[in-house]
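Each chain, written out:
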2 protein chains.
Amino acid sequence: MSHQLSDISHQTSDTRYQPSGVRNDAAPIGVFDSGYGGLTVLKELVKVLPQYDYLYLGDNGRAPYGNRSFETVYEYTLQCVQWFFEQGCSLVILACNTASAKALRSIQQNDLPRIAPDKRVLGVIRPTTEVIGEYSENGEIGILATKGTVNSGSYPIEIHKFFPEARVYQEACPMWVPIVENNEIDTPGADFFIKKNLHALFHKGPKVDAVLLACTHYPLLKDKIQEHLPIDVKLVSQGELVANSLADYLRRHPEMEQRCSKNGRQQFFTTDATEDFDNHGTLFFGAPVSSTHIVL
Amino acid sequence: MSHQLSDISHQTSDTRYQPSGVRNDAAPIGVFDSGYGGLTVLKELVKVLPQYDYLYLGDNGRAPYGNRSFETVYEYTLQCVQWFFEQGCSLVILACNTASAKALRSIQQNDLPRIAPDKRVLGVIRPTTEVIGEYSENGEIGILATKGTVNSGSYPIEIHKFFPEARVYQEACPMWVPIVENNEIDTPGADFFIKKNLHALFHKGPKVDAVLLACTHYPLLKDKIQEHLPIDVKLVSQGELVANSLADYLRRHPEMEQRCSKNGRQQFFTTDATEDFDNHGTLFFGAPVSSTHIVL
């Protein structure tokens, strides 16, 4: 089933998330990622909150963000957020760990009050860190992520705010994104790098009993990772956590909820070629994707 | 020995490449790459033509270009070329196969006549293709490159202009750049992907007896590749070919040669963080690198 542009108009009468109706200027929820990875998050958003409209933007023309500097990630992310605002979006999800780690705070604290005080930008780190401790029995948590996310220290810092006793071990897995993007998932080369990084993680934290995939590409490697994990270790992807957190946010913020349009549509935009985006995107989204090119 | 900013002023009196002196407005030769790879070319340029000044620009903030669309590569490359022109450079080398394949012709034919008719932009593909046939005994040539270079078809097309009888087989090796950039060169994971791509190349062209590394990152894998190649197959990197070709070009174009300054200096610029550039760059350049950040 294609999710794209399907007009599920009866869902506009679903009032579960419409405490006081829909405003005339309601617009889609913006979902941003540097590339395709955020589509694994969008997939879960559509599953949990199918009634909303979503605009997805992949900054593929400048991806990957993983190893870029703070300044560069901030500059690119802000440009993309402004693009969403120009499309009318009131709520933008940075479905990208690197952007959430390196750009979100500056945008929330410095830019939003100035350029769009009535709009909101949310990330994927807080929705994850406020619940991840509940997946561990002994408080020993493993984080698998890109170099950029690991070096930012965002996950240990944020997890300790919610679970001060947790012991958090991180491992950067810079080969995993190329493995996914080049569809080398089912090769011995993928096995080598997955085993190498898991071995390094458990060398640092031998008692880790909950492992978080803190990169939106990694869910495509989930089966492989599970194969190489001890059986009693829980493996957690972010998409579902982020979707549940957004549902909760919209329940608690009816004024924002009313500004989200509800025709059950998804539209896709990319800063690079649409053909590549559609081919790759379909793999990540799990349903056909048809994108439009934009220049920022 | 650091090549950077070393003032080898006696070299300004070296007249080998100064048929009629140096002009007052002489400026460095520009060397461009999307990232670090072009430093393997610059290394050879400095070896063969040490008397010239070079400005190196890595567009690391938007690297890698390998899998990006024609339009995106063209747009980014033109911006970088214009930056070199603003620095006074009269001669710019695109030391990047993707940019040479996807952007060079448009820049030479459409942009230069309009924006800078007296300046020149040269690539790395022609200097390579006009000699590669001489490395093969039987005319069976293998090309290893990124997806973007392979899909552009530039190497087979250009090689056939100089060696119409040659049979050219290509293989895209999209995991090799991540392997180099993440310093996974000496791992079984690297072996797996190198063997996989070489096997695929020789499956297409079993009689190939000359293999060209048509990506500026690949020289760092040369020893590994050699290990997995039949002993009678010649393995050719581009850097030396490009340096010899530039020496020849400058001999044949004294009017351009006079516009190249000669203090034996190299300066490095990047569109991303300088610390990362300097760490990685030193590996590729084979000597210490100290860069300056620029915004395009």
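The written sequence of each chain sets the order in which its residues are numbered from 1. Just so you know, chain letters begin at A and ligand numbers begin at 1, following the order they were written in. Local features in this predicted model are restricted to residues of pLDDT 70 or higher, and side-chain atom pairs are both shown and tallied only at a pLDDT of 80 or more, whereas totals for entire chains, interfaces and linings draw on every residue. Working from all heavy atoms in the structure, the side-chain values ignore hydrogens and water.

Stated formally: UniProt positions are given in the numbering used here, feature names are shortened, and annotations may be inferred rather than shown by experiment.
With an unreviewed UniProt entry as reference, chain A is termed Glutamate racemase, source organism Niabella pedocola. UniProt, in the comment section headed Function (unreviewed entry), describes chain A in these words: "Provides the (R)-glutamate required for cell wall biosynthesis." In the Catalytic activity (unreviewed entry) part of its UniProt record, chain A is described as follows: "L-glutamate = D-glutamate".

## A short note on the sheet that holds strand S9 (residues 266–270) of chain A
Residue and element names in this part refer to chain A. To be explicit about the condition: Two strands make a pair as long as DSSP finds a minimum of two bridges between them. Strands are runs of DSSP state E lasting at least two residues, helices are runs of H or I lasting at least four, and both sets are numbered from the N terminus onward. Every angle, taken between N-to-C directions, lies between 0 and 180 degrees, and every axis is a line fitted to C-alpha atoms, over only the stretch in contact when it is a helix.
Here we have six strands laid out as an open sheet, ordered S4-S3-S1-S2-S9-S10, and parallel in their pairing. One side of each edge strand has no neighbouring strand; the edge strands of this open sheet are strand S4 (120–122) and strand S10 (291–293). For this sheet, the mean inter-axis angle between neighbouring strands, taken without regard to orientation, is 25 degrees. Here strand S3 (residues 91–94) runs beside S4; their pairing, made up of three bridges, is parallel. Counterpart to Val-92 in the pairing with S4 is Val-121.

## Things to note about the domain arrangement of chain A
Residues and elements named next belong to chain A. Defined as follows: The domain limits used here are those given by an automatic or database domain assignment. Pairs of residues are marked as contacts when any of their non-hydrogen atoms sit within 4.5 Å. Defined in terms of a 1.4 Å probe, buried area is the accessible area two parts forfeit on being brought together, summed over both. By definition, a salt bridge exists where a carboxyl oxygen of Asp or Glu is found within 4 Å of a side-chain nitrogen of Lys or Arg. Distance and chemistry together define a polar contact, namely a pair of N or O atoms within 3.5 Å, with one atom able to donate a hydrogen and the other to accept it when in protein, and with adjacent residues in sequence counting only for side-chain atoms on both sides. Basically, the charged four are Asp, Glu, Lys and Arg, the nonpolar ten are Ala, Val, Leu, Ile, Met, Phe, Trp, Tyr, Cys and Pro, and anything else, Gly included, counts as polar.
By domain assignment, chain A separates into domain 1 (9–123 + 240–293) and domain 2 (126–238). Taken together, the contact between domain 1 and domain 2 spans 23 residues of the former and 25 residues of the latter. Contact between domain 1 and domain 2 buries roughly 1,800 Å² in total, counting both sides, with carbon and sulfur atoms accounting for 58%. The tally of links from domain 1 across to domain 2 stands at one salt bridge. A salt bridge links Glu-158 to Arg-105; its shortest N-O distance comes to 3.4 Å. Counting across the domain 1 and domain 2 interface gives 10 residue pairs in polar contact (both at pLDDT 80 or more). Those elements that provide at least two residues to the side of domain 1 that touches domain 2 are helix H1 (38–48), helix H3 (97–102), helix H11 (238–252) and helix H13 (274–285). For the side of domain 1 that touches domain 2, the residue count by class is nine nonpolar, 10 polar and four charged.

## Some details on the sheet that holds strand S7 (residues 210–213) of chain B
All names here are of chain B. The parallel open sheet is built from four strands, whose spatial order is S6-S5-S7-S8. Edge positions in the sheet fall to strand S6 (167–172) and strand S8 (234–236), since each of these pairs with one other strand and no more. With direction set aside, neighbouring strand axes in the sheet form an average angle of 20 degrees. Each of strand S5 (140–145), S6 and S7 is contacted by helix H9 (residues 188–204), which is oriented at about 155 degrees to S6, the strand it contacts most.

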